[in-house]
Amino acid sequence: MMRCDSDKRSRSSDPDAAELIYLKDNVAIHPTQFASERISGRLKLTKQESLLFLSWIPYKGQTSNAKLSEKDRNLYTITAVPFTEVRSIRRHTPPLGWQYVIVVLSSGLAFPPLYFYNGGVKEFLATVKQHVLLARSAEDANVFIVNDFQSRLQKTLSSLELPSSLPVASGQSTYPLDEVYSNENQGGTSAGIDNRVSNVSQYGLRKQKSHDPTRDLSIHLLEKFSLVTKFARETTTQLFSENNGFGSAGKRWNNQPVHSYPEKLSNIVEEKHDQNPHSYPEKEHLNDEEIYNDIDVPADPLEFNKLSLVWGKPRQSPMGSQEFTAFLDSEGRVVESKALRERVFYGGIEHHLRKEVWPFLLGYHAYESTYAEREYLRSVKQMEYATLKQQWQSISREQAKRFTKYRERKGLIDKDVVRTDRSFEYYEGDDNLNVNIMRDILLTYSFYNFDLGYCQGMSDYLSPILFVMEDESEAFWCFVALMERLGPNFNRDQNGMHTQLFALSKLVELLDSPLHNYFKQNDCLNYFFCFRWILIQFKREFEYEKTMQLWEVLWTQYLTEHLHLYVCVAILKRCRSTIMGEQMDFDTLLKFINELSGHIDLDSTVRDAEALCICAGENGAASIPPGTPPSLPLDDGIVYSLEDDVL
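Criteria and cut-off values
- Residue numbers restart at each chain and count upward from 1, following the sequence in its written direction.
- Only residues with pLDDT of at least 70 are given local features in this predicted model, and only at 80 or more are side-chain atom pairs given and counted; all residues enter the totals for whole chains, interfaces and linings.
- Derived side-chain values reflect all non-hydrogen atoms in the structure, with water molecules and hydrogen atoms excluded from consideration.
- What counts as a helix is a DSSP run of H or I of at least four residues, what counts as a strand is a run of E of at least two, and both are numbered from the N terminus.
- Exposed residues in this analysis have more than 50% of their type's maximum accessible area, buried residues have under 20%, and partly exposed residues fall in between, with area computed by a 1.4 Å probe over protein chains only.
- Pairs of residues are marked as contacts when any of their non-hydrogen atoms sit within 4.5 Å.
- The Shrake-Rupley method, run with a 1.4 Å probe, gives the accessible areas here. Residue values count only the displayed protein chains as cover.
- Note on aromatic pairs: the rings of Phe, Tyr and Trp (six-membered ring only in Trp) are paired at centre separations within 6.5 Å, and the planes decide the class, stacked below 30 degrees, edge-to-face beyond 60, tilted for the rest.
- Whether a charge lies above a ring is judged from NZ of Lys or CZ of Arg, which has to be within 6 Å of the ring centre and within 35 degrees of the ring normal.
- Just to be clear on terms, a salt bridge is a Lys or Arg side-chain nitrogen sitting within 4 Å of an Asp or Glu carboxyl oxygen.
- Axis geometry follows a simple rule: fit a line to the C-alpha atoms, using only the stretch in contact for helices, then measure angles between N-to-C directions, giving values from 0 to 180 degrees.
- By the definition adopted for this analysis, an angle is roughly parallel if under 35 degrees, roughly antiparallel if over 145, roughly perpendicular if from 65 to 115, and oblique otherwise.
- By definition, turning the near helix anticlockwise from the far helix through less than a right angle yields a left-handed crossing, and turning it clockwise yields a right-handed one.
- When residues are sorted by character, Ala, Val, Leu, Ile, Met, Phe, Trp, Tyr, Cys and Pro go into the nonpolar class, Asp, Glu, Lys and Arg into the charged class, and all the rest, Gly among them, into the polar class.
- DSSP bridges decide pairing: two strands pair if at least two such bridges lie between them.

1. Focus on the overall build of the chain
Helix and strand content of the chain: 27 helices and 11 strands. In the chain, which comprises 647 residues, the share counted as buried stands at 58%. Put simply, of all contacts in the chain between residues at least 6 apart along the chain, 75% involve residues at least 24 apart. Just so you have it, the chain exposes about 27,100 Å², and 48% of that area is on carbon and sulfur atoms.

Here's what the structure looks like:
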C-alpha cells in the first residue's frame, strides 16, 4: 500500500488554473481486506499545459466505519499525480462485486485499488485515452500501458530495441515466466531461478524481452531483481546518468564490485558472537577505507545497540510438557492465556509439545476449550475434511478437461510440493508420503477457499505445520486458521502485501528517520526488498527449526499482532551502516537482503524487535493501518477479491 508523498511537486503542477476533465463520486479505497471499512472519495482527472493529472480525495467526515479516523483517510489521499509518472492501469470488472482499477507508477509502486461502486471504469479509461496514449497489453486485455511521448528521451527509449530487452517501468516484471503463473498466484513466490533473465538497471528502469511489463507485482519476479547482467546495467547507466541528475558519485558506485555479503557476515558472526549477540554487518563490515572513508553514515537516533539491552529480554529455555500442564485446569482449559503466550514468546516450545500448543496459538482451539471439547472437535473436523477432500477426488478425467481452474491449481500445486523443503528429512526422497499429503491438503484448501485458491508460497507455510501436527486433518485445519490471518498476503491485487509494506515504511520512518530518508533518496521507498520476508514470514531466512521458533513467537501476538514488521525493522537497523556506508541502490540492496538468508541470529533479532516495539509504543501502533495482516478478521466482510476469471 502506498500514498503519494509528492505535495511539494503537486503544488506547482496542479494550480487553480488546471482544467477539470473528469470527475467521479463514490470511488472507494479499501484500507483493509473488509469492504465495510472502505473510504469513499472523489476521483478527478485534471489537465494543465497538455499534462494530465490524477487525484483521489476522500470525503471529509464520512466513513462507513467509526474505527477509521481522519488521519487514516488522509494516509491514502492521492494528490495530482501526473500521468508521466504512471506506467500502467489494470482494470477489473468481475461478474460479481465491484469494478476497480489499479494504477501502477513508473517507480514500481501501486496505489491501492480504486473501487467504482457506481460503475464507470469504462468511461474513466475512455477519458484517459483522449489525453494520454494507452496501449492495450498483448497478453492481458485488461491491462493498459501508459506511453507518454512528450519527452524526446522517453520517445527514444520506447522505440529502442536492445538485445533481449524492452524498456519497461521500474519495479515491474523483468523476467521470462518459465514457471507458468496462473491467475491464482500473482502474490506467490517461486523457488526456481531462470538463467535467461533480462535485467534491472541501477537507476530503476527494468528491461524485459517479450513478456507483459504489467506483471510487476509478482514475488516470483521481485525475488530475481538482483540478478543483473553487466550489459543491461552499463547500457542503462549510459542512457540515464545525465538525464536523471546522477553525477560522478552515481557512476562511481555503479562501478564498484558487488561484495559477497554472506561470507563477510558469517565471518562477523563467528568473530563477534561471544562479545556481542547482535552480530549483524555493522561498521566492522566497512574495512575498505579507500572506498568508504568519505561516507558519513548518519547516527542511529535510537542508539540501537543500547536499546535492546534495556528493554529486550533474553530468551528462556523452551516450555516442556510439565510446565504446560500447569497452565491447564483439571478439565483442560487454559487458565491464563496471556501468561501462556508470554511464556511461549520468551522461550518457545519443546518440539514434542508443539502439536498441542500450536492449535491454540493459531486459533484452531479456543483457550477455554476442555479436553473433551477438543477431542470432539477433532472428530467433527476429520469428517468435514474428508468431505471437502472428496470434492476434488471425485472429479473424473472428462470433467477435469472442462474444469480449467482445477487443472491450473492442481498443476501448480504438483510443481510446488515436489520442491518444498525436500532437503528436510521429513520430505526428502522419491515417493515421499508426506509430500503427497501436503499436495492433498493444498488441493483441498483450494476447494475450501475457492476465491483465494492456491498461491505459490502457501506450501512454505504448510510444510512446518504438517511436520508438527503429523495428522492430515489437523494440519489442514491449522493451516486454515493461519490463512485466516495471512490469506490477504496472497490476494491478486496484493492489497494485503502493500498494506504491510506501507506500514513497514512508516515504522522505519518513526524508528530510524535517517535510514528512511536514505531509502527515499535512493528509490527504495517501496520496501520491495522486504517482500519475501513478509510474504512467507522469514521462512527462507532461517533454518527449519529456527523458523518454527520464530513463527510460534509471532503467533502469540503477545506484544503486537505485527511483530514481524518490527523484526524487519530490527534487521534493517542492524545493517544500516553497511547499507548507507556502501551507498546501496535498490538492486544491490535486494541482493544484499536476499543473501542475509542463513546469516541472521534469531534470538538477538527477536530481542531487538521487542525493544523496538516497546520503544515505538502507541506511535508505532498508529503507524499501522487498521486491518493490516495478520490481524484476525473483525467481521464478516469481503476478505478476498473476486476476479474477472472466477467461475
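After that view of the structure, there is still more to cover.
2. Considering the packing of aromatic side chains
As enumerated under the stated definition, the model contains 35 aromatic pairs in all. Summarising the aromatic geometry, the rings of Phe 403 and Tyr 406 are spaced 5.8 Å apart at their centres and angled 40° between planes, so their arrangement reads as tilted. Tyr 406 shares its class with Phe 403; the two are buried. An angle of 90° between the planes, with centres 5.6 Å apart, marks the rings of Tyr 448 and Trp 477 as edge-to-face. Of this pair, Tyr 448 sits in helix H17 (residues 433–448) while Trp 477 is found in helix H19 (residues 472–486), placing the two residues 29 residues apart along the sequence. Judged by relative accessible area, which is 34%, Tyr 448 ranks as partly exposed. Since its relative accessible area comes to 4%, Trp 477 is described here as buried. Over the face of the ring belonging to Trp 477 we find Lys 381, whose NZ or CZ atom lies 4.1 Å from the ring centre.

3. A closer look at the pattern of salt bridges
This structure, assessed with the given rule, holds 27 salt bridges. Between Lys 389 and Asp 440 there is a salt bridge, with its nearest N and O atoms 3.3 Å apart. Linking Lys 389 in helix H14 (residues 371–393) with Asp 440 in helix H17, this pair joins segments that are 51 residues apart in sequence. Across the pair Glu 398 and Arg 402 runs a salt bridge, and its minimum N-O distance is 3.5 Å. Glu 398 sits in the partly exposed class, given a relative accessible area of 43%. On the accessibility criterion, Arg 402 (66% relative accessible area) is exposed. When salt bridges that share partners are traced, they join Lys 389, Arg 439, Asp 440 and Glu 472 into one network.

4. What about the packing of helix H24 (residues 563–574) against helix H27 (residues 602–622)?
With their axes 8 Å apart at the nearest point, H24 and H27 run at an angle of 115° to one another. Accordingly, the angle class assigned to the pair H24 and H27 is roughly perpendicular. The handedness of the crossing between H24 and H27 is right-handed. Across the interface between the two elements, Leu 563, Tyr 566, Val 567, Val 569, Ala 570, Ile 571, Lys 573 and Arg 574 from H24 touch Thr 605, Asp 608, Ala 609, Leu 612, Cys 613, Ala 616, Gly 620 and Ala 621 from H27. For the contact of H24 with H27, a count of residues per class yields 11 nonpolar, two polar and three charged.

5. Re unusual backbone geometry
Of note, the bond from Pro 629 into Pro 630 is cis; its omega dihedral lies within 30 degrees of zero at 10°. One non-glycine residue, Gln 537, adopts positive backbone phi at about 50°. Within the secondary structure, Gln 537 is located in the loop between helix H22 (531–535) and helix H23 (544–556). With relative accessibility at 4%, the residue Gln 537 sits in the buried group.

6. Some details on the pairing of strand S3 (residues 51–58)
Buried residues dominate S3, accounting for six of its eight residues. As judged from the eight bridges shared by strand S2 (residues 39–48) and S3, these two strands associate in the antiparallel manner. Residue Lys 47 lies in a different strand from S3, and its bridge partner there is Leu 52. Count of turn residues in the S2/S3 antiparallel hairpin: two residues, of which Glu 49 carries a positive phi of about 50°. Across three bridges, S3 lies against strand S4 (residues 78–82) in antiparallel orientation. Bridging across to S4, Leu 54 finds its partner in Val 81.

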